[in-house]
Amino acid sequence: MILERGDFALLLDALQKTHQVIGPTIRDGAIVYDELSSATDLPIGWTDEQDGGTYRLKRRNDEALFGYVVGPQSWKRFLHVPRQRLWQATQNENGIQITPEPQATHRMAFIGIRSCELHAIAIQDNVFLHDQFTDTFYQARRENVFLVAVNCGQAGGTCFCVSMNTGPKATSGFDLALTEVLEDGQHYFVVEAGTANGQLLLNELSQRAASNEEQQKAEAISAQTATQMGRTMDTAGIKELLAQNLEHPRWDDVANRCLTCANCTMVCPTCFCTTVEDVTDLTGEHAERWRRWDSCFTMDFTYLHGGSVRASNKSRYRQWMTHKLSSWIDQFGSSGCVGCGRCITWCPVGIDITEEVRAIRGKE
Amino acid sequence: MVIAPEKQFINSPTDPMLPQPYRIERVRRETHDVFTLELRPANGTPVMQFAPGQFNMLYVFGTGESAISISGDPNDTNRLIHTVRAVGTVTNAMQKLKRGDCIGVRGPFGTPWPIVEAEGSDVVIVTGGIGLAPLRPVIYHVLANREKYGRFALLFGARSPRDLLFARELEQWRGHFDFNVEVTLDTASSDWRGNVGVVTTLIPRTQFDARHTVAMICGPEVMMRFTVQELMKRGLTTDQIFVTMERNMKCAVGFCGHCQYGPHFVCKDGPVFPFDRIAGLFGKREI
Ligand SMILES: Cc1cc2nc3c(=O)[nH]c(=O)nc-3n(C[C@H](O)[C@H](O)[C@H](O)COP(=O)(O)OP(=O)(O)OC[C@H]3O[C@@H](n4cnc5c(N)ncnc54)[C@H](O)[C@@H]3O)c2cc1C
Ligand code: SF4
Ligand code: SF4
Ligand code: FES
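Residues numbered from 1 in each chain as written. Chains lettered and ligands numbered in written order. Predicted model: local features only at pLDDT ≥ 70, side-chain atom pairs only at ≥ 80, totals over all residues. Heavy atoms only, no water.

A look at the overall build of chain B
For chain B, the helix and strand inventory stands at six helices and 15 strands. For 287 residues, the compact-globule formula gives about 19 Å, and the C-alpha radius of gyration of chain B, at 18 Å, lands near that figure. Taking all 287 residues of chain B together, the buried fraction comes to 61%. The long-range fraction of contacts in chain B, counting pairs at least 24 apart against all pairs at least 6 apart in sequence, stands at 70%. (Helix = DSSP H or I, 4+ residues; strand = E, 2+ residues; numbered from the N terminus. Rg over C-alpha atoms; globule rule 2.2 N^0.38 Å. Buried < 20%, exposed > 50% of the residue type's maximum accessible area, 1.4 Å probe, protein only. Contact = heavy atoms within 4.5 Å.)

A closer look at the site of ligand 1
Surveying the vicinity of ligand 1 reveals 23 residues, the closest of which are His305(A), Ala67(B), Arg85(B), Thr91(B) and Lys250(B). Bordering ligand 1 are residues originating from chains A and B. Interatomic distance of 2.9 Å between a backbone N/O atom of Thr83(B) and a nitrogen atom of ligand 1. Between ligand 1 and the protein, one listed contact pairs an oxygen atom with a side-chain N or O atom of Lys250(B) at 2.6 Å. Burial of ligand 1 by the protein chains amounts to 88% of its free accessible area of 830 Å². Where the shell around ligand 1 is concerned, the elements lending two or more residues are strand E14 (303-304) of chain A together with strand E4 (64-69), strand E5 (80-85) and helix H1 (89-95) of chain B. Residue contributions to the shell around ligand 1 peak at four residues, all from E4(B). (Near = heavy atom within 4 Å. Polar contact = N/O pair within 3.5 Å; in protein donor to acceptor, adjacent residues only side chain to side chain. Areas by Shrake-Rupley, 256 points an atom, 1.4 Å probe, with all protein chains shown as cover.)

Side note on helix H11 (residues 313-332) of chain A
Residue and element names in this part refer to chain A. The sharpest bend along H11 comes to roughly 60°, located at His 323. Among the 20 residues that make up H11, 16 are buried, leaving the element largely enclosed by the rest of the structure. Positive backbone phi, approximately 80°, marks Gly 333, located one or two places after H11. (Bend = angle between axes of the 7 residues up to and from the residue.)

Focus: the pattern of salt bridges
Any two side chains of opposite charge can pair if their charged atoms end up close together. Residue and element names in this part refer to chain A. Applying the stated rule across the entire model yields 40 salt bridges over all chains. In this structure, Arg 85 and Glu 288 form a salt bridge, with 3.1 Å as the shortest nitrogen-oxygen distance. Pair noted here: Arg 85 is in strand E6 (residues 83-92) and Glu 288 is in strand E13 (residues 286-293), with a separation of 203 residues, a long-range link. Ionic contacts of the salt-bridge type, sharing partners, join the residues Arg 250, Asp 253, Arg 257 and Glu 356 into one network. (Salt bridge = Lys/Arg side-chain N within 4 Å of Asp/Glu carboxyl O.)

So, helix H2 (residues 132-144) of chain B
For H2(B), spanning 13 residues, the distance from its first C-alpha to its last is 18 Å, which sits close to the expected 18 Å at 1.5 Å a residue. When you tally the buried positions in H2(B), you get eleven out of 13 residues, the bulk of the element. (Expected span 1.5 Å × (residues − 1).)

Here's the deal with the sheet that holds strand E11 (residues 186-193) of chain A
In a beta sheet, neighbouring strands are held together by backbone hydrogen bonds and run either parallel or antiparallel to one another. Residue and element names in this part refer to chain A. Pairing is mixed across the open sheet formed by seven strands, whose spatial order is E1-E11-E10-E9-E8-E2-E3. Lying at the two open borders of the sheet, with one neighbouring strand each, are strand E1 (2-4) and strand E3 (30-35). Ignoring strand direction, the axes of neighbouring strands in this sheet form an average angle of 25°. Strands in contact with helix H3 (residues 115-128) are E3, strand E8 (108-113) and strand E9 (145-151); relative to E8, the strand with the most contacts, it is inclined by about 135°. (Pairing = 2+ DSSP bridges. Axes fitted to C-alpha atoms, helices over the stretch in contact; angles between N-to-C directions.)

Some remarks on the domain arrangement of chain B
All names here are of chain B. Under the domain assignment, chain B is made up of domain 1 (5-109) and domain 2 (122-278). Between domain 1 and domain 2, the C-alpha centre-to-centre distance is 21 Å. Contacts between the two partners involve 30 residues from domain 1, matched on the other side by 25 residues from domain 2. For the pair domain 1 and domain 2, the two sides together bury roughly 2,100 Å², of which 62% comes from carbon and sulfur. Counting across the interface, domain 1 meets domain 2 through zero salt bridges. (Domains from an automatic or database assignment. Buried area = accessible area lost by both parts, 1.4 Å probe.)

Concerning the site of ligand 3
Residues and elements named next belong to chain A. Close contacts around ligand 3 come from Phe 160, Cys 268, Pro 269, Trp 320, Lys 324, Cys 337, Val 338, Gly 339, Cys 340, Gly 341, Arg 342 and Cys 343, and that covers them all. Secondary-structure elements contributing two or more residues to the shell around ligand 3 are H11 and helix H12 (342-345). Looking at side-chain class alone, the shell around ligand 3 contains eight nonpolar, two polar and two charged residues. (Nonpolar A, V, L, I, M, F, W, Y, C, P; charged D, E, K, R; others polar.)

Things to note about the side chain of Glu230(B)
Residue and element names in this part refer to chain B. Its place among the elements puts Glu 230 in helix H4 (residues 221-233). Classification of Glu 230 by relative accessible area gives buried; the value is 18%. Setting aside anything within four residues of it in sequence, one finds Glu 230 in contact with Thr 200, Ile 203 and Pro 204.

Observations concerning the confidence of the model for chain B
Residue and element names in this part refer to chain B. Looking at chain B, the pLDDT average stands at 94 and 95% of residues meet or exceed 70. Contacts of residues 1-9 to residues separated by more than four positions or lying in other chains number 23 contacts, the stretch itself having pLDDT below 50. Among the scores for the predicted complex, ipTM is 0.95 and pTM is 0.95. (pLDDT = per-residue confidence, 0-100.)

Describing the side chain of Glu30(B)
Residue and element names in this part refer to chain B. Inspection of the secondary structure puts Glu 30 in the loop between strand E1 (20-29) and strand E2 (34-41). The side chain of Glu 30 sits in the buried core without any salt bridge; Arg 28 is the nearest counter-charge, 4.0 Å away. The contacts of Glu 30, once residues within four sequence positions are left out, are Phe 35, Thr 36, Thr 83, Leu 165 and Phe 166. (Lys, Arg positive; Asp, Glu negative; His and termini not counted.)

A word on the packing of aromatic side chains
Summed over the entire model, instances satisfying the criterion amount to 27 aromatic pairs over all chains. Ring geometry for Tyr55(A) versus Trp346(A): centroids 4.9 Å apart, planes at 35°, classification tilted. Taken together, the residues Tyr55(A) in strand E5 (residues 54-59) and Trp346(A) in the loop between H12 and helix H13 (353-361) connect sequence positions 291 residues apart. Between Phe152(B) and Phe179(B), the ring centres sit 4.2 Å apart and the planes meet at 5°, which makes this aromatic pair stacked. (Phe/Tyr/Trp six-rings, centres within 6.5 Å; stacked < 30°, edge-to-face > 60°.)

So, in structure tokens, the structure goes:
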């Protein structure tokens, strides 16, 4: 179907009736995901330039709504929230009462989620929903989310979704998927529904089917984006490559550059690690447990009585990269990396996971 | 011969993130820094069922949680028993608790010792220090089902006489004609008439039929490494040897990532592993 640019506001209006609508907007010189009150909150006419350790917003010479790629945040902050209270407890002479935390009930709509990010959500689903245990906090949010994907019209300088088989065109996991077309003074979206819910909404918004030509234009945009990847990674046999090279000298090399700042794990849309904080109030009768994001780059992460298992920078970088690209496959049947490029862009010293893989392969 | 237990999800708790209140029925001082807690559900519900080797997350109100193995008899439906060494924030706070106090319990979690797979075989337990606690349920089980197993040996090492865990029970076990209990001390004064030396020195003179033996090891990683070497010298293969791994744990349910050991989550793929599954990682530094 076709949604004209002039009718785009209808999509947000319709979703706003029932959902908290979240999408890209500009804050502090970067594109972040936040609540949108209207389409004018979108970064209209902006794009981004990304490379190892650098990120810059730039004006476009058109009024594209989605003419940029992914920013420092990912959608995980809305599904696997940075801080979550797990329960509260009180203690008195009768003992301890533990009260479970109520589940989130609000419905969210994500506007402008990219193909790599859909894959990242599917990967976190495997961690929190499809293994031995279910994370009910994640589940409550996840089940109530409406996903409006956007097929990228250009690739970023650190993107490599083509190498990871995660993009640039969204193929599943969305309710609606949009391709933005700007050409010859025209501005419209070719829209595809991925679910019955998506189809219902789409029927409300648009009566016009996409012509063959419009379909082909949308396909051509995705195909062209696929040729523009800023980075590539050869993933052939990568699980074994890393598992068999735990003592490779390259780990020492990267350890000399890595600041163990944990940025890469915070921006990564698939990293799921957390720690817990147990707190009490001043009376000592009320206690709470909170869970918050954590990173395998911290020293405490592996603390055992007597010291940390991964005390060296080298071992912590190795854990991160081997987990993303190798042991994740053993654990969950897929790579833990979707090629979004965030860890490259947001690394203060520009360490590049694709380059590290090349070095370990011995093709520097 | 021994078939490694596949990832088994046994006795999973219904709400694995929420501690259940248990009341301390009894505190027993075992050694200068080790104590045993006997617990019962505070709300009168039945005591949890567990398999030897499984552990719980014990919560001290307002302070935090620790992963602690269950050290009691799996057939005892009246009490839940944990043996704890006080080493840091939570376990020190736990040591101060008294009879009647409440504690939060989540679990049971993790893979069990291969007590079913070991039926018909000789069983050799090699352990040091607090490592005896997670294996005590196996000892109870084998003694209660003695006819199902072949020869049965416990090789136990402690640092000094004052670190002898479960000393009374060790003596009682030694009284069994069909249970070979050997104790050794790292250092001892002249009034100790028993073995002196590390626990691995006991292995060469222990009787078992290498082709039909299951070994279960719990102790510090170095101790487990040398124990595996000694057992292999005696002809055991890596699939006959089971070890238990220790890693930092925040959730015990596969969400927090802290317990990762290569591709394994120690909380749900372990803590008990057939050695062949981790042999490639064992001994590699900082994994
Ligand atoms: C599966 C498993 C079973 C265990 N069974 C027993 C048992 O039966 N008896 C017993 O006394 N101990 C057992 N331990 C070790 C016990 O969990 C730690 O001694 C305890 O967590 C220390 O916590 P703390 O707050 O007192 O120490 P601190 O040093 O103050 O702890 C700081 C942090 O490090 C973690 N930590 C420190 N040491 C360990 C450790 N050895 N293992 C895991 N996390 C650690 C703590 O959880 C905490 O997050 C077991 C550990 C595991 C993983
Ligand atoms: S890379 Fe590190 S922080 Fe990310 S999921 Fe793996 S262990 Fe956790
Ligand atoms: S590892 Fe880097 S490129 Fe891969 S998904 Fe995470 S942030 Fe994106
Ligand atoms: S303890 Fe959290 S993943 Fe294992």
